[in-house]
Amino acid sequence: MPDGTILGIETSCDETGAAVVRAGRDILSNVVASQIAAHQPFGGVVPELASREHLRAIVPVVRQALAEAGESYASVDAIAVTQGPGLAGALLVGISFAKALSFALDKPLIAVNHLEGHIHAVLLDHRQEMNFPVLALVVSGGHTHLYVAEVDANLWSYRNIGHTRDDAAGEAFDKVAKLLALGYPGGPIIDRLAPQGDPLAVKFQISQMKHPDRRNFGKAAEQNVQTGLHFDFSYSGIKTAVLRYVETQNMKASIDARRAALAGIAEPTIEDVLKVCDRQTLDLVASFQRTMVNDLAAKTLAAAQEYDVQTLIVSGGVAANQELRLTFTREANKCDLPVFFPSSMLSTDNAAMIAAAAYPKLLRHDFVAMNFSAEAGLALR
Ligand code: KG4
Ligand code: ZN
């Protein structure tokens, strides 16, 4: 294992990713084939379609990643692949391919938790500056999870101290955008539209979790239950509140008109969407985003204080949000807490983050056998 060059493969949801990363930090290539066009007509990810698209893309994407890195199948030191959480059928495409490569090339195979990948995406940019313990908020289309992370002799451990009770934050962005016929995926569109509206125009409230969640929780969380330290999120209520606002304000006709106008454009740009948004819609979107961002920041900063962490990292697709980055930076500065985000490209799903998370495992010889399989609900510990 001369310099720890890892080929990472990511197929947990709707992006087929392959990347070559050296020593957990130097990205030699990072190729992502997006399936947005395939899922767009349905306004969300269709699992069967995702598996089919991964099957189509996996070979060319891996070949491209190796070519761009100037590497070959023979020259990499290990193969890393996302084991879960994610869509079972989608995960299996990456896992089967990674297993075949590992077997044929006689290279070690490393299984990576997708959420650990999101956390390690931050380290690709900022490894030296980080003090532990770290509080990591993973905020994406499938997760809104808080972890306290520690590392000892390349062994990373994670304690889950909060999670969403219902919808993930990215899911709320996507559902609100769908409801308002703004397009898919909703997060990046709302991000671009929100600065055009008044964030104080509509008052939304987010449910505050008063009682610990005892469902599906491991030992660490049971401790939290006993000590009462829980920082859970809930975002299905705000989605319903947006729906109620749309109904009481009679916005349906204008939403239908927007849907029809955008349906006639093959790949609508943000300017196309802006043209068919009235002030009320822009105000609604801005108010929704402000409420989401403030809630994420308030709960995360409260958790950071409670657990007395040294560093905050925020990752996952929603971490690409501009207002979120500004708010977290401002609030963390107030309590002298260093905060790090991955670059925008590394915030959303990609394989460089999988290869980065695999590096400490390579150093520890933490390899998996050929009989390992996908785990759609894999927890991070
Ligand atoms: O991490 P990711 O690529 O996939 C999952 O693991 O889920 O996150 C995708 C989610 C989607 O819900 C998408 O709408 C949201 O991240 N997202 C954003 C932004 N970019 C992506 N949400 C808010 N603002 C953004 N700029
Ligand atoms: Zn993700």
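Note that this is a predicted model, so its numbers are computed, not measured. (Residues numbered from 1 in each chain as written. Chains lettered and ligands numbered in written order. Predicted model: local features only at pLDDT ≥ 70, side-chain atom pairs only at ≥ 80, totals over all residues. Heavy atoms only, no water.)

1. Describing the packing of helix α2 (residues 47-69) against helix α3 (residues 88-105)
Okay, so step 1: At a closest axis distance of 9 Å, the pairing of α2 and α3 adopts a crossing angle of 30°. Between α2 and α3, the angle is such that the two are roughly parallel. Read as a crossing pair, α2 and α3 show a hand that is right-handed. Where α2 approaches α3, its residues Ser51, His54, Leu55, Ile58, Val59 and Val62 are matched on the opposing element by Gly89, Ala90, Val93, Gly94 and Phe97. (Axes fitted to C-alpha atoms, helices over the stretch in contact; angles between N-to-C directions. Helix = DSSP H or I, 4+ residues; strand = E, 2+ residues; numbered from the N terminus. Parallel < 35°, antiparallel > 145°, perpendicular 65-115°, else oblique. Left-handed = near helix turned anticlockwise from the far one by under 90°. Contact = heavy atoms within 4.5 Å.)

2. Observations regarding the site of ligand 1
Okay, so step 1: With respect to spatial proximity, 18 residues lie near ligand 1, and among them Gly141, Asp174, Asp191, Gly317 and Asp349 are the closest.
Okay, so step 2: A distance of 3.0 Å separates an oxygen atom of ligand 1 from a polar backbone atom of Gly187.
Okay, so step 3: The contact in question runs from an oxygen atom of ligand 1 to an N or O atom on the backbone of Gly317, over 3.0 Å.
Okay, so step 4: Protein contacts shield 89% of the accessible area of ligand 1, which totals 550 Å² for the unbound molecule.
Okay, so step 5: The cavity that encloses ligand 1 is the largest pocket.
Okay, so step 6: Counting only elements with at least two residues in the shell around ligand 1, the list comes to α4 (114-126), α5 (169-179) and α6 (186-193).
Okay, so step 7: Looking at the shell around ligand 1, the element that brings in the most residues is α6, giving three residues.
Okay, so step 8: For the shell around ligand 1, the per-class residue count stands at four nonpolar, eleven polar and three charged.
Okay, so step 9: Lining the shell around ligand 1 are residues from two domains, each supplying at least three of them: domain 1 (5-126 + 346-363) and domain 2 (132-337). (Near = heavy atom within 4 Å. Polar contact = N/O pair within 3.5 Å; in protein donor to acceptor, adjacent residues only side chain to side chain. Areas by Shrake-Rupley, 256 points an atom, 1.4 Å probe, with all protein chains shown as cover. 1 Å grid on protein atoms, 1.4 Å probe; cavity = no way out; pocket = protein on both sides within 12 Å on 5 of 7 lines; lining within 4 Å. Sits in = over half its atoms within 2 Å of the grid points. Nonpolar A, V, L, I, M, F, W, Y, C, P; charged D, E, K, R; others polar. Domains from an automatic or database assignment.)

3. Looking at α2
Okay, so step 1: With 23 residues, α2 extends 31 Å between its outermost C-alpha atoms, agreeing within 8% with the 33 Å of an ideal straight helix rising 1.5 Å per residue.
Okay, so step 2: The largest bend in α2 amounts to roughly 45° and is located at Ala57, with the proline Pro60 lying one to four residues further along.
Okay, so step 3: Restricting attention to buried positions, one finds in α2 the residues Leu49, Ala50, Ser51, Glu53, His54, Ala57, Ile58, Val61, Val62, Ala65, Leu66 and Ala69.
Okay, so step 4: The inward-facing, buried residues of α2 contact β1 (5-10), β2 (15-22), β3 (26-34), α1 (36-39) and α3. (Expected span 1.5 Å × (residues − 1). Bend = angle between axes of the 7 residues up to and from the residue. Buried < 20%, exposed > 50% of the residue type's maximum accessible area, 1.4 Å probe, protein only.)

4. Comments concerning the coordination of the zinc ion (ligand 2)
Okay, so step 1: Protein coordination at the zinc ion (ligand 2): the donors are His114 (NE2), His118 (NE2) and Asp349 (OD), at 2.0 to 2.1 Å from the metal.
Okay, so step 2: Considering all four donor atoms around the zinc ion (ligand 2), angles at the metal cover 95 to 140° and the coordination shape is irregular.
Okay, so step 3: Here the donor residues of the zinc ion (ligand 2) are spaced in sequence according to H-x3-H-x230-D. Linking His114 in helix α4 with Asp349 in the loop between α13 (344-347) and α14 (352-363), this pair joins segments that are 235 residues apart in sequence. An identical accessibility class is assigned to His114 and Asp349; each is buried. (Donors = N, O, S within 2.8 Å, 3.2 Å for Na, K, Ca; no water. Tetrahedral: all angles 85-135°; square planar, octahedral: opposite > 155°, others 65-115°.)

5. Thoughts on α6
Okay, so step 1: Counting buried positions over the eight residues of α6 gives six, a clear majority of the element.
Okay, so step 2: Of all the positions in α6, only Gly186, Gly187, Ile189, Ile190, Asp191 and Leu193 are classed as buried.
Okay, so step 3: Where α6 is buried, its residues contact α5, α10 (270-275), α11 (279-306) and α12 (322-334).

6. Quick word on the domain arrangement of the protein
Okay, so step 1: Domain boundaries in the protein define domain 1 (5-126 + 346-363) and domain 2 (132-337).
Okay, so step 2: Facing 20 residues of domain 1, the contacting portion of domain 2 comprises 18 residues.
Okay, so step 3: A combined buried area of about 1700 Å² lies between domain 1 and domain 2, and 68% of that area is made up of carbon and sulfur atoms.
Okay, so step 4: Its largest share of buried area at the contact with domain 2, domain 1 owes to Leu115, Ile119 and Ser347, together 33% of the area lost on that side.
Okay, so step 5: There are zero salt bridges connecting domain 1 and domain 2.
Okay, so step 6: Counting every contact that joins domain 1 to domain 2 gives seven residue pairs in polar contact (both at pLDDT 80 or more).
Okay, so step 7: Elements supplying a minimum of two residues to the side of domain 1 that touches domain 2: α1, α4 and α14.
Okay, so step 8: Broken down by element, the side of domain 1 that touches domain 2 gets its largest block of residues, seven residues, from α4.
Okay, so step 9: Here the side of domain 1 that touches domain 2 is built from residues that sort into ten nonpolar, eight polar and two charged. (Buried area = accessible area lost by both parts, 1.4 Å probe. Salt bridge = Lys/Arg side-chain N within 4 Å of Asp/Glu carboxyl O.)

7. What to know about the layout of surface pockets
Okay, so step 1: By volume, the largest pocket amounts to about 1200 Å³.
Okay, so step 2: In terms of lining, the largest pocket is formed by 39 residues, of which the most central are Asp14, Ser140, Gly141, Asp174 and Pro185.
Okay, so step 3: The set of elements that each furnish at least two residues to the lining of the largest pocket consists of α4, α5 and α6.
Okay, so step 4: Broken down by class, the residue content of the lining of the largest pocket amounts to twelve nonpolar, 19 polar and eight charged. (Points joined across faces, edges and corners; volume = space filled by probe spheres on them.)

8. A word on the sheet that holds strand β8 (residues 155-163)
Okay, so step 1: Strand order across the open sheet formed by five strands is β8-β7-β6-β9-β10, with mixed pairing between neighbours. Whereas interior strands pair on both sides, the edge strands pair on one side only; in this sheet they are β8 and β10 (339-340).
Okay, so step 2: Judged from the two bridges that link them, strand β9 (residues 311-315) and β10 form a sheet pairing that is parallel. Within β10, the position partnered with Ile313 by the bridge is Phe340.
Okay, so step 3: Against the sheet, α11 contacts β6 (134-139), β7 (144-152), β8 and β9, and its axis sits at roughly 155° relative to β6. (Pairing = 2+ DSSP bridges.)

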